[in-house]
Amino acid sequence: MRKICTLCAIMLIIALLAGCSRTGGSVIVGAKDYTEQHILGNIIALLIENNTDIEVTLKVDLGSEIIFAGIIADTLDIYVDYTGTIYANHLKFYSSHSDFNEIISADTIFETIKKELMDNYNIIMLERLGFNNTYAIAVRAETAAEFSLSSISDLAKVSSDLIFGGGNEIQNRSDGIPTLKILYDMSFKEELVKNGNDRYFAIVNDEVQVIEAFSTDGMLMEYNLVVLDDNKQFFPPYQAAPVIRGEIAEKHPEIIEIINKLTGILTDNVMRSLNHKVDVLGETPRDVAEEFLRSFNLIGK
């Protein structure tokens, strides 16, 4: 069944990218289907466009499985992923509930991923950018006060009275809600699919009382939500890092040098601020990416 799903994903990504140029002087940059990824995709694309003669095609709104299948199938060249996602979801290192009880360092996860991607797929993981966009479980301040919630263990005691809202992925992934509920021995009154910013609108309107969040979401700032402590350390580190096909890196080594200039600049606070500009202030991902790069003199004025 897994092989069939993988084949379907690869076929879909090929269809999505059909018609894109694959000439010697071109690359395809990918991005997943949410704000942060749109910004990161534009940052990578603009860096390459403004510092090389390479033609860049940017493809956004690709699901996590689709984008990983795409780079393996050589129909996508570069994108930014997260260490926890690759480690737990794509490489399947978390294959059972017991694996989540073992605390593994961020550096160990990073080095493991680098080796696995290179050895098995000829994909290079570049240096970590500098921010950790881990999954988080969030509630409104009023809910936290009403039920005395500061940790996910606290939530487990009252979860059966509350409705959870989160995206399709977290409700189905091995590093998501199904295993989280096992580890914390909890269940929700109901679980609703709320993708993207819809989950924030749902919690503000009390349609749900608990949501999935990303630690760098700008909407966390806007709505002053309380992020519950993952006191059993269920979620692994989700440090952002670009991945690039080895063939492209060999053909265009200048791309690696250019992208590595981002290392250490994109902190948690900076990424949260960029997301806030798009999600709350209404700016476009490309404009936000361009302003960010110019502020650090990474592209021309």
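None of these values were measured; they are calculated from a predicted model.

A. A look at the overall build of the protein. Within the protein, the secondary structure is distributed over 14 helices and 10 strands. Put simply, the protein has 301 residues, and 53% of those count as buried. The contacts in the protein between residues at least 6 apart in sequence include a share of 77% that link residues at least 24 apart. Accessible surface, the protein: about 13,100 Å² in total, of which carbon and sulfur atoms supply 49%.

B. The sheet that holds strand β9 (residues 226–227), seen in detail. In spatial order, the strands read β7-β6-β8-β5-β9; together these five strands make up an open sheet with mixed pairing. What marks the edges here is a single partner per strand, and that holds for β7 (190–193) and β9. Here strand β6 (residues 163–166) runs beside β7; their pairing, made up of four bridges, is parallel. Bridge pairing in β7 places Gly 166 opposite Val 193.

C. Layout of the packing of aromatic side chains. With the rule as written, the count across this model stands at eight aromatic pairs. Consider the rings of Tyr 34 and Phe 214, whose centres lie 5.2 Å apart with planes at 35 degrees: the pair is tilted. Of the two residues, Tyr 34 sits in the loop between β1 (26–32) and α2 (35–51) while Phe 214 sits in strand β8 (residues 210–214), which places them 180 residues apart along the sequence. For the pair shown, Tyr 34 and Phe 214 are each scored as buried. Centroid distance Tyr 135 to Tyr 238: 5.3 Å. Interplanar angle 80 degrees. Geometry classified as edge-to-face. Residue Tyr 135 is found in strand β5 (residues 135–139), and its partner Tyr 238 is found in the loop between β9 and β10 (240–245); the two are separated by 103 residues along the sequence. Residue class for Tyr 135 comes out buried when judged on its relative accessible area of 7%. Relative accessible area serves as the criterion here: at 2%, Tyr 238 is assigned to the buried category.

D. Quick peek at the confidence of the model for the protein. Scored by pLDDT, the protein has a mean of 89; 88% of the residues are at 70 or more. Confidence drops under pLDDT 50 across residues 1–7; counting only partners more than four residues distant or on other chains, this segment forms one contact.

E. Structural context of the environment of Val 226. Turning to its location among the elements, Val 226 is positioned in strand β9. Among residues more than four places away in sequence, those in contact with Val 226 are Ile 137, Ala 138, Val 139, Ala 141 and Ala 144.

F. Unusual backbone geometry, seen in detail. One non-glycine residue with positive phi stands out, namely Gln 233, at about 50 degrees. Tracing the backbone shows Gln 233 in the loop between β9 and β10. The class for Gln 233 is partly exposed, based on a relative accessible area of 45%. One non-glycine residue, Asn 297, lies in the positive phi region at around 55 degrees. With respect to the helices, strands and loops of the structure, Asn 297 is situated in the segment after α14 (285–295).

G. Quick peek at the nonpolar core. Core analysis: the largest hydrophobic core is formed by 62 residues, its most contacted members being Ile 137 and Leu 262. When residues in this core are grouped by element, the largest group, eight residues, is from α2. In this structure, Leu 262 is in contact with Ile 43, Ile 44, Leu 47, Leu 129, Phe 292, Leu 293 and Leu 298, ignoring residues within four places of it in sequence. Counting 20 residues, the second largest nonpolar core, distinct from the first, contains Ile 28, Ile 67, Tyr 79 and Ile 123.

H. Fine view of the side chain of Lys 32. Among the secondary structure elements, Lys 32 is positioned in strand β1. In this view, Lys 32 contacts Gln 37, His 38, Val 60, Asp 61, Leu 62, Ser 64, Ile 67, Tyr 79, Asp 81, Tyr 82 and Thr 85; residues no more than four positions away in its chain are not counted.

I. Seen up close, α2. Helix length check: α2 (17 residues) gives 24 Å between terminal C-alpha atoms against 24 Å at 1.5 Å per residue, within 8%. With 14 of its 17 residues buried, α2 lies for the most part within the structure.

J. Inspection of the layout of surface pockets at higher detail. Its boundaries defined by the atoms lining it, the second largest pocket holds a volume of some 340 Å³. Lining the second largest pocket are 20 residues, and of these Asp 33, Tyr 34, Glu 169, Glu 212 and Phe 214 lie nearest its centre. Considered class by class, the residues forming the lining of the second largest pocket number six nonpolar, seven polar and seven charged.

The rules behind the values
Residues numbered from 1 in each chain as written. Predicted model: local features only at pLDDT ≥ 70, side-chain atom pairs only at ≥ 80, totals over all residues. Heavy atoms only, no water. Helix = DSSP H or I, 4+ residues; strand = E, 2+ residues; numbered from the N terminus. Buried < 20%, exposed > 50% of the residue type's maximum accessible area, 1.4 Å probe, protein only. Contact = heavy atoms within 4.5 Å. Areas by Shrake-Rupley, 256 points an atom, 1.4 Å probe, with all protein chains shown as cover. Pairing = 2+ DSSP bridges. Phe/Tyr/Trp six-rings, centres within 6.5 Å; stacked < 30°, edge-to-face > 60°. pLDDT = per-residue confidence, 0-100. Core = buried A, V, L, I, M, F, W, Y, C linked by side-chain atoms within 4.5 Å. Expected span 1.5 Å × (residues − 1). 1 Å grid on protein atoms, 1.4 Å probe; cavity = no way out; pocket = protein on both sides within 12 Å on 5 of 7 lines; lining within 4 Å. Points joined across faces, edges and corners; volume = space filled by probe spheres on them. Nonpolar A, V, L, I, M, F, W, Y, C, P; charged D, E, K, R; others polar.

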